[in-house]
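Observations on the three-dimensional arrangement
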Amino acid sequence: MDKIQQLADYIERSSSIVATTGAGISVAGGGVTYGQMLFSNRSGRRRRGSDEGSFLPTYLETMFSYQPSFAHYALADLEAEGKLTGIITTNVDCMHTIAGSKNVAEIQGSLQVNCCAKCGRHYEGYEIWKQDELPRCEVCGGEILPWPLYSHIGLWEADVKKARRWIADADLILVIGTRGNYGDVYWSNRNRNAAIVQINPGRTGFDGVANLNIRQGSDEVFQSLKKLRAGNG
C-alpha cells in the first residue's frame, strides 16, 4: 500500500495528468489486442499482409465480447474530476471511449477512423462495426476498413499532435500497460519536470525513467487507489 499511497499523493499534487496506455490495460479486461490478432496465428507465427482481411471478423467478434477494464473506467473518472488532461494510447479497441473518456489520442488510429477501400469515403465511429456483417460503403458498396488496417498500422497524425501537446504540458505521466515509447513518436516532447509513475507487472523500457514503478496489474492498482482515496476523503 505504500506505493499506492505514493501514487495517490502524486495525483493529489498534480494539475495536469496524462496517461499513456498499451495492450496491458485492455488485456486486463479480457480483450485481445489488434496487434495480436493481426500479426500472430495460434502457433505464434507472423501472418502475411495478404491474410490481414481475414483477421478483421475474428478480431471484431473478440473485441465486442468484452468490456472496458476497471482501469479504463478509473481513468475516465480522473478526467471527470478535472485531473486527467488526456490519454495517449496505441490500442485501437476504442475501450477508453466506451468507458467514457473524452480526450483520447489514439496515435495508431482505431476502429473509430474508417475508410472505404474503393472510393476513399471516410466513416467515423466504432458503432459501424457493431453489426452482423462487415460494413459496406453507402456510396459505392466498397469494403470499409479501419485505419490501422488500410494504413498498415501507420500513425494517425491528428492524434499524434494532440499527444505531443498534452505530454508537453503534463506534470504527471501515468504509464500503464505499455512496454515502450513507440519509437519516440511523442515521448521526447514530454515535460522533463513531470513525475512518471509506471504501472506494469513486468519490466519495461520505462523502468529507468520512472519515479515510481508499481509492479502490479492496472486493475489491481486502480481498485486499491479508489479504496484509498475514498478513505482519505
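Higher on the page you've got the structure.
Everything in this summary refers to the structure shown in the same document.

Reading the values: the criteria
Residues numbered from 1 in each chain as written. Predicted model: local features only at pLDDT ≥ 70, side-chain atom pairs only at ≥ 80, totals over all residues. Heavy atoms only, no water. Helix = DSSP H or I, 4+ residues; strand = E, 2+ residues; numbered from the N terminus. Buried < 20%, exposed > 50% of the residue type's maximum accessible area, 1.4 Å probe, protein only. Contact = heavy atoms within 4.5 Å. Areas by Shrake-Rupley, 256 points an atom, 1.4 Å probe, with all protein chains shown as cover. Polar contact = N/O pair within 3.5 Å; in protein donor to acceptor, adjacent residues only side chain to side chain. Lys, Arg positive; Asp, Glu negative; His and termini not counted. Salt bridge = Lys/Arg side-chain N within 4 Å of Asp/Glu carboxyl O. Axes fitted to C-alpha atoms, helices over the stretch in contact; angles between N-to-C directions. Parallel < 35°, antiparallel > 145°, perpendicular 65-115°, else oblique. Left-handed = near helix turned anticlockwise from the far one by under 90°. Nonpolar A, V, L, I, M, F, W, Y, C, P; charged D, E, K, R; others polar.

1. Things to note about the overall build of the protein
Counting secondary structure elements, the protein contains nine helices and nine strands. Each of the 233 residues in the protein was classed as buried or not, and the buried ones make up 50%. Here the contacts in the protein between residues at least 6 apart in sequence split such that 61% fall between residues at least 24 apart. For the protein, the exposed surface amounts to about 11300 Å²; the carbon and sulfur share of it is 45%.

2. A look at the side chain of N114
Among the structural elements, N114 can be located in strand β4 (residues 113-116). Classification of N114 by relative accessible area gives buried; the value is 0%. Within the structure, the side chain of N114 is placed 3.2 Å from the backbone oxygen of L111, a separation counted as a polar contact. With residues up to four places along the chain from it excluded, the contact list for N114 reads R121, H122, Y123, G125, I128, W129, I144, L145, P146, W147 and Y150.

3. Points about the side chain of K83
You can see K83 is positioned in the loop between α5 (70-81) and β2 (84-89). Despite its burial, K83 pairs with no opposite charge, the nearest such side chain being E12 at 4.7 Å. A polar contact of 3.0 Å, which involves the side chain of K83, links it to the backbone oxygen of E12. Ignoring anything within four residues of it in the chain, the contact list for K83 reads I11, E12, R13, S14, S15, S16, I17 and L78.

4. Describing unusual backbone geometry
Among all residues except glycine, the phi angle is most often negative; among peptide bonds, the trans geometry is most common. In the Ramachandran plot, C94 falls in the positive-phi region, its phi being about 65° despite a non-glycine side chain. With respect to the secondary-structure elements, C94 resides in the loop between β2 and α6 (95-99). Among the residues examined, C94 registers a relative accessible area of 1% and is labelled buried.

5. Description of the packing of helix α1 (residues 2-13) against helix α9 (residues 218-232)
Here α1 crosses α9 at 65°, and the two axes come no closer than 10 Å. Here α1 lies roughly perpendicular to α9, going by the angle between them. Helix-helix and strand crossings are classified by hand; for α1 and α9 the assignment is right-handed. Here I4, Q5, L7, A8, I11 and E12 of α1 lie close against α9, whose contacting residues are V221, S224, L225, L228, R229 and N232. For the contact of α1 with α9, the class distribution of residues is seven nonpolar, three polar and two charged.

These values are about where atoms sit, not about what they do.
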